[in-house]
Amino acid sequence: MRPFLVLLHRWFGLFIAAFLIIAGLTGAVISWDHELDEWLNPHLFESQSQGEPLPTLALVHKVEQADPRVRASFFQLTPEPGHNAEIWVDARVDPDTGRRYSLDYDHVFVDPVTGEIVGRRLWGRISLHPEHLMSFLYKLHFTLHLPEWRGTDRWGVWLMGIAALVWLVDTFIAFVITMPRGRRRGRSTGKGWWRRWRPAWLIRRNAGGYKLNFDIHRAVGLWVWGLLLMLAFTSFSLNLYREVFYPAMSLVSETTPGPFESRTPTPRHEPVEPALGWQRVMDRARAEAHRRGWSQPLGDLFYSDNFAVFGARFFFPGEDHDSGGMKVKSLYFDGRNGTLIGDEVPWEGTAADVFSQLQFPLHSGRIAGLPGRILVSLMGLAVATLSVTGVVIWWRKRSARRRSVRNKVARLAVKGV
């Protein structure tokens, strides 16, 4: 059985190595995407004006008025002090083509005092320019930047999800093959078994290059195995959430489907025009939150035009980013008629609901605050290291086998002379 598992580990590892190197290295960086983005682009984030800020909806109106091709899709109600307002936009449908306009931006920065548009950028643009670097790495992390094809741009998301599922299976296989082979004659289980397994957890000193590489691959994998399992599972669940994870959860446990689970989105180029404006959504959201006794203020609003869903999120300043969403309460309204169609309250609902809520906070480490983000960055480096060392092990063994075959052929040739 063990030779078969070793073979599976080898080929599973080779299949996912490139994916994990990319995901590990980018994940180590994007744990700090917000901070690094602001540091790289102060001209976009820092406001230079002094005075009373304009109402947020006035800023939204200025953005839409400046370019009739766009509709606001997400914005915070109160920009951070000293920061420009950030307004995200979606492309409207071009009546001449029946498809969305082709835009070179979806993220707008507006001075909250003057209403001046100080910058625009396209999130995830393939570019190493400082304005795009962090979003480029973020999108590379889970989509590989694969382009739209046959009406969907999720090919990269699905491919990374499949790689994560293989990684999840391979994580168990890797753990099993580190264990010592059956009980040896004259040795008992217990301490004797542990003495035979203990070397797998250690890195030999003064070892040669191959042995050092092998020890790093095996020992590091064992020490962080639990975290690897968590990252593999959450990578799979996030990338294949609608396709596999949520349907599977619904089979094994009771779930409370929200609008994004129960609705089928329209095709990308067939967005649903909202039947009500932002002010009405704000008023309904605040009234509902007051009825429920929520103390958190309304923090931001969004509209998903392929799902026809308005979202209103309630949180105290900073909690939306730092907690990974586990301190954010949400209300959802139908974009066609404005009726309340769902909610999400962290740590509430069935066990399956809470487990689903935890996927991103666990994956990003934000559930544990700053220490969690540091740990996830280190784990990103560990994942890349394990992948590189695994490829090196395979390459060295492959080269050794080829040399052995060549030597054998040479010896047979000499004997045949």
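Look up: the structure comes first, before these words.
Draft legend 1. Here's a closer look at the overall build of the protein chain. Broken down by element type, the protein chain carries 16 helices and 10 strands. Along the first, second and third principal axes, the C-alpha atoms of the protein chain reach 90 × 50 × 40 Å. For the protein chain, buried positions account for 43% of its 417 residues. Pairs at least 24 residues apart make up 58% of the contacts formed inside the protein chain by residues separated by at least 6 positions. Approximately 22700 Å² of the protein chain is accessible, and the part contributed by carbon and sulfur atoms is 61%. Of the side-chain charges in the protein chain, 51 are positive and 39 negative, and the distance between the mean point of each set is 24 Å.

Draft legend 2. How the structure looks around the packing of aromatic side chains. Counted by the stated rule, this structure contains 29 aromatic pairs. Taken together, a centroid distance of 5.3 Å and an interplanar angle of 80° make the contact between W278 and F310 edge-to-face. A residue pair is termed long-range when its members are at least 10 positions apart, and W278 in helix α12 (residues 278-292) and F310 in strand β8 (residues 309-314) qualify at 32 residues. Classification of F310 by relative accessible area gives buried; the value is 2%.

Draft legend 3. Examining the environment of I87 more closely. Take I87: it is sitting in strand β2 (residues 85-91). Between the alpha carbons of I87 and A219 there is a distance of 47 Å; along the sequence they are 132 residues apart. If sequence neighbours within four positions are ignored, I87 has contacts with L59, V60, V63, A72, F74, F75, D106, H107, V108 and V110.

Draft legend 4. Main features of the pattern of salt bridges. Evaluated as defined, the whole model comprises 16 salt bridges. Note that E35 is salt-bridged to R373, the shortest N-O span being 2.8 Å. A residue pair is termed long-range when its members are at least 10 positions apart, and E35 in helix α2 (residues 33-40) and R373 in helix α16 (residues 369-416) qualify at 338 residues. Between R313 and D300 there is a salt bridge whose closest N-O contact spans 2.9 Å.

Draft legend 5. Summary view of the packing of helix α4 (residues 56-66) against α12. Packing of α4 against α12 brings their axes to within 11 Å, and their N-to-C directions diverge by 150°. Taken together, α4 and α12 sit at an angle that is classed as roughly antiparallel. Classified by chirality, the crossing of α12 by α4 is right-handed. Across the interface between the two elements, L57, V60 and E64 of α4 pack against W278, Q279 and M282 of α12.

Draft legend 6. Structural context of the pairing of strand β10 (residues 340-344). Relative to β10, strand β9 (residues 329-334) is paired through 4 bridges, and the arrangement is antiparallel. Each residue of the ladder has a partner; that of L331, found in β10, is D343. Counting the residues that bridge the hairpin from β9 to β10 gives 5 residues, and of these G338 lies at a positive phi of roughly 80°.

Draft legend 7. Representation of the layout of surface pockets in the model. Taken as a whole, the second largest pocket holds about 1000 Å³ of empty space. Taken together, 40 residues line the second largest pocket, and the ones lying closest to its centre are H9, A174, I177, F214 and H217. Elements supplying a minimum of two residues to the lining of the second largest pocket: α1 (2-30), α6 (155-178), α7 (191-197), α8 (209-223), α9 (225-239) and α16. Partitioning the lining of the second largest pocket into residue classes produces 23 nonpolar, 8 polar and 9 charged.

Draft legend 8. The sheet that holds β9, seen in detail. Taken together, 8 strands build an open sheet; the order of strands is β6-β5-β2-β1-β7-β8-β9-β10 and the sheet is antiparallel. Each end of this open sheet is capped by a strand with a single partner; those strands are β6 (117-121) and β10. Adjacent strand axes in the sheet meet at a mean angle of 25°, parallel and antiparallel pairs treated alike. On top of the sheet, α4 reaches β1 (70-76), β2, β5 (107-110) and β6; it is set at about 155° to β1, its chief contact.

Draft legend 9. Quick look at the packing of helix α5 (residues 133-143) against α6. The interhelical angle for the contact between α5 and α6, taken along N-to-C directions, is 60°, at an axis separation of 7 Å. For the element pair α5 / α6, the angle class is oblique. Between α5 and α6, the residues in contact are H141, F142 and T143 and G156, V157 and M160, respectively. Of the residues assigned to the contact of α5 with α6, the class counts are 3 nonpolar, 3 polar and no charged.

Draft legend 10. Here's a closer look at the nonpolar core. If you look at the biggest cluster of nonpolar residues, it comprises 33 residues, and the most contacted ones within it are I87, W278, L301 and F314. For this core, the secondary structure elements donating two or more residues are α4, β1, β2, β5, α12, β7 (298-304), β8 and β9. Formed by 17 residues, the second largest nonpolar core is a distinct cluster that contains L144, V166, A232 and M379.

Draft legend 11. Representation of α4 in the model. Within the span of α4, buried status applies to T56, L59, V60 and V63. Looking straight down α4, one finds that the buried residues subtend no more than 100° of arc, so they occupy a single side. In the core, the buried residues of α4 are packed alongside β1, β2, β5, β6 and α12.

Draft legend 12. Main features of a nonpolar patch on the surface. A surface patch of nonpolar side chains, about 460 Å² in accessible area, is lined by L25, L370, I374, L378 and L381. When residues of the nonpolar patch are assigned to their parent elements, the largest contribution, 4 residues, is made by α16. Inspection of the secondary structure assignment puts L370 in helix α16.

How each quantity is defined
- One numbering rule holds for all chains: residues counted from 1, following each sequence as written.
- Restriction of local features to residues with pLDDT of at least 70 applies here, the model being predicted, together with a cutoff of 80 or more for giving and counting side-chain atom pairs; totals for whole chains, interfaces and linings are based on all residues.
- In computing side-chain properties, one takes all heavy atoms of the structure into account and sets aside hydrogens as well as water.
- Only DSSP runs of H or I reaching four residues or more are called helices, and only runs of E reaching two or more are called strands; each is numbered from the N terminus.
- With a 1.4 Å probe rolled over the protein chains alone, any residue whose accessible area is under 20% of its type maximum counts as buried; one over 50% counts as exposed, and the rest are partly exposed.
- Here a residue-residue contact requires only that any non-hydrogen atoms of the pair lie within 4.5 Å.
- Throughout, the Shrake-Rupley method with a 1.4 Å probe supplies accessible areas, and for residues the shown protein chains are the sole cover considered.
- Charge convention: Lys and Arg are scored as positive, Asp and Glu as negative, and His as well as the terminal groups of each chain are ignored.
- Taken as the charge centre is NZ of Lys, CZ of Arg, CG of Asp or CD of Glu, depending on the residue.
- Planes of paired rings set the category: under 30 degrees apart is stacked, over 60 is edge-to-face and the rest tilted, where pairs are Phe, Tyr or Trp rings (Trp by its six-membered ring) whose centres lie within 6.5 Å.
- Counted as salt bridges are all cases of a side-chain nitrogen of Lys or Arg within 4 Å of a carboxyl oxygen of Asp or Glu.
- Think of each axis as a best-fit line through the C-alpha atoms, taken over the contacting stretch in the case of a helix, with angles from 0 to 180 degrees between the N-to-C directions.
- An angle counts as roughly parallel when it lies under 35 degrees, as roughly antiparallel when it exceeds 145, as roughly perpendicular when it falls between 65 and 115, and as oblique in every other case.
- Each crossing gets its hand from how the near helix is turned against the far one by less than a right angle, where anticlockwise is left-handed and clockwise is right-handed.
- Two strands are said to pair when DSSP picks up at least two bridges between them.
- Using a 1 Å grid laid over the protein atoms alone, points where a 1.4 Å probe fits but cannot get out form a cavity; open sets with protein on both sides within 12 Å along at least 5 of 7 lines form a pocket; any residue with an atom within 4 Å of a point counts as lining.
- Grid points are joined across faces, edges and corners, and a volume is the space filled by probe spheres set on the points.
- For this classification, Asp, Glu, Lys and Arg are treated as charged, while Ala, Val, Leu, Ile, Met, Phe, Trp, Tyr, Cys and Pro are nonpolar and the rest, including Gly, are polar.
- Nonpolar core, defined: a set of buried Ala, Val, Leu, Ile, Met, Phe, Trp, Tyr and Cys residues in which side-chain atoms within 4.5 Å join the residues together.
- As used here, the arc belongs to the directions running from the helix axis to the C-beta atoms.
- Note that patches include only residues with greater than 30% relative accessible area and no salt bridge, and the join distances are 9 Å for like charges and 5 Å for nonpolar side chains (Val, Leu, Ile, Met, Phe, Trp, Tyr).

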